[in-house]
Amino acid sequence: MIKIVTIEREYGSGGGEIAQLLAMQLGWKLFDQLLTEEIARLADCPKAVVQDREEKTDPLYYRLFKSFLRGSYEGSLNAHKLKLVDSECILKFTEQVVQTAAKTGDSVIVGRGSQHFLRNRADTLRVFLYAPREDKVRRLLARGKSEKEAEQLVDTVDHERIDFIQKYFHVEWPDRAVYHTMINTTIGDAAVIQTILDFKKMLDAARSYVSAER
């Protein structure tokens, strides 16, 4: 039976809101902001630091700075251990939180590579949400973003996610083969949620049938 739903999304397609409504309808735990909070707790750093770095690769200046620090201090008995909250550190803690959530079950997990961490679990439904650019801009305007800011975010955030997925999972983004279904959110949030619920019900029924046949 399906016990986890992962929601990967294009920025501005409404993935966060849809995941929240889906979790409420199922009565499941939502791992979105909670996921960020758990990563911050494990990394022993402010939540804002994780929010700024998750689903991104480290910028060049940060990689150079990190190399410089490690080169300067590693091996010195008098040096304090450096706590560098970089993309690799966040990714390690992300996998830990995602796998723990999956073991518990009854969870909706938003992005952060969760679809790849859980790609081999039979109890996971993996969904990708997308929308036309103008619709994504419209959603962001409704959230109070200026038109310039909305267009800039739509044009940049997904490029960061592309780089993140390519670097750490070595696949294109979106990796169509990993998803059970890809949904255009212009059909409306309620229709998207119902489609996911129907797909979940169909998979549950199919797997129950296979189990009964065995």
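The shown structure was predicted, so the numbers you read here are calculated from the model rather than taken from an experiment.

**Q** So what's going on with the sheet that holds strand 3 (residues 107–110)? Residues and values would help.
**A** Spatially, 2-3-1-4-5 is the arrangement adopted by the 5 strands of the open sheet, whose pairing is parallel. Single-partner strands in this sheet number two, and they are strand 2 (29–31) and strand 5 (181–184). For this sheet, the mean inter-axis angle between neighbouring strands, taken without regard to orientation, is 20 degrees. On top of the sheet, helix 2 (residues 33–43) reaches strand 2 and strand 3; it is set at about 65 degrees to strand 2, its chief contact.

**Q** Go over the pattern of salt bridges with me, naming the residues and quoting the values.
**A** Under the defined criterion, the tally for this structure stands at 20 salt bridges. Taking the shortest distance from any N to any O, the salt bridge between E55 and R161 comes out at 3.9 Å. Pair noted here: E55 is in the loop between helix 3 (47–53) and helix 4 (60–73) and R161 is in helix 8 (residues 147–169), with a separation of 106 residues, a long-range link. Comparing E55 with R161 shows no difference in burial state: the two are buried. One network of salt bridges, with partners in common, ties together E8, R9, E10, E55, K136, D158 and R161.

**Q** Account for the layout of surface pockets, naming residues and giving values.
**A** Within this model, the largest pocket holds a volume of roughly 600 Å³. For the largest pocket, the lining is made up of 23 residues, of which R9, Y11, Q33, E55 and R161 are closest to its centre. Counting residues per element, the lining of the largest pocket draws most heavily on helix 8, at 4 residues. Along the lines of polarity and charge, the residues of the lining of the largest pocket split into 4 nonpolar, 8 polar and 11 charged. Put simply, the second largest pocket is a space of about 180 Å³. If you trace the second largest pocket, you find it lined by K29, F31, E38, R41, L42, Q96, V97, T100, A101, T104, G105 and S107. Ranked by the residues each element gives to the lining of the second largest pocket, the list is headed by helix 5 (residues 87–104), at 5 residues.

**Q** Quick rundown of the confidence of the model for the protein chain? Include the residues and the values.
**A** The pLDDT averaged across the protein chain works out to 89; a share of 86% of its residues lies at or above 70. Predicted confidence for residues 72–82 stays below pLDDT 50, and this span has 5 contacts to residues more than four positions away or in other chains.

**Q** Residues and numbers for the environment of Q115, please.
**A** Take Q115: it is sitting in helix 6 (residues 114–117). The exposure class of Q115 is buried, given its relative accessible area of 0%. Residues Q115 and V127, spaced 12 residues apart in sequence, show a C-alpha to C-alpha distance of 8.2 Å. In this view, Q115 contacts T6, E8, R126, I165, V178 and Y179; residues no more than four positions away in its chain are not counted.

**Q** Please provide a residue-by-residue account of the nonpolar core, values included.
**A** Counting 29 residues, the largest nonpolar core has L35, I39, I109, L118 and F169 as the members making the most contacts within it. Residue assignment for this core shows that the elements contributing at least two residues are helix 2, helix 5 and helix 8. Residue contributions to this core peak at 8 residues, all from helix 5. Apart from residues no more than four positions distant in its own chain, L35 is found in contact with V97, V98, I109, V110 and R112.

**Q** Residues and numbers for helix 7 (residues 133–142), please.
**A** If you check which residues of helix 7 are buried, you get D135, K136, V137, R139 and L140. Directly after helix 7, the chain includes G144, whose backbone phi takes a positive value near 105 degrees.

**Q** Please set out the packing of aromatic side chains residue by residue, giving values where relevant.
**A** Within the structure shown, the criterion is met by 5 aromatic pairs. Between F128 and Y179, the ring centres sit 5.3 Å apart and the planes meet at 55 degrees, which makes this aromatic pair tilted. One end of the pair, F128, is in strand 4 (residues 124–130); the other, Y179, is in the loop between helix 8 and strand 5, and 51 residues separate them in sequence. For the pair shown, F128 and Y179 are each scored as buried.

**Q** Lay out empty space enclosed by the protein with the relevant residues and their values.
**A** Going through the model one piece at a time under the given rule, you end up with 1 cavity of 30 Å³ or more. Roughly 50 Å³ of volume is contained in the largest cavity. In terms of lining, the largest cavity is formed by R53, E54, E55, K56, S87, I90, L91, T94, R112 and F164. For the lining of the largest cavity, the leading source of residues is helix 5, giving 4 residues. Of the residues belonging to the lining of the largest cavity, the class tally is 3 nonpolar, 2 polar and 5 charged.

Rules and cut-offs
Residues numbered from 1 in each chain as written. Predicted model: local features only at pLDDT ≥ 70, side-chain atom pairs only at ≥ 80, totals over all residues. Heavy atoms only, no water. Pairing = 2+ DSSP bridges. Helix = DSSP H or I, 4+ residues; strand = E, 2+ residues; numbered from the N terminus. Axes fitted to C-alpha atoms, helices over the stretch in contact; angles between N-to-C directions. Contact = heavy atoms within 4.5 Å. Salt bridge = Lys/Arg side-chain N within 4 Å of Asp/Glu carboxyl O. Buried < 20%, exposed > 50% of the residue type's maximum accessible area, 1.4 Å probe, protein only. 1 Å grid on protein atoms, 1.4 Å probe; cavity = no way out; pocket = protein on both sides within 12 Å on 5 of 7 lines; lining within 4 Å. Points joined across faces, edges and corners; volume = space filled by probe spheres on them. Nonpolar A, V, L, I, M, F, W, Y, C, P; charged D, E, K, R; others polar. pLDDT = per-residue confidence, 0-100. Core = buried A, V, L, I, M, F, W, Y, C linked by side-chain atoms within 4.5 Å. Phe/Tyr/Trp six-rings, centres within 6.5 Å; stacked < 30°, edge-to-face > 60°.

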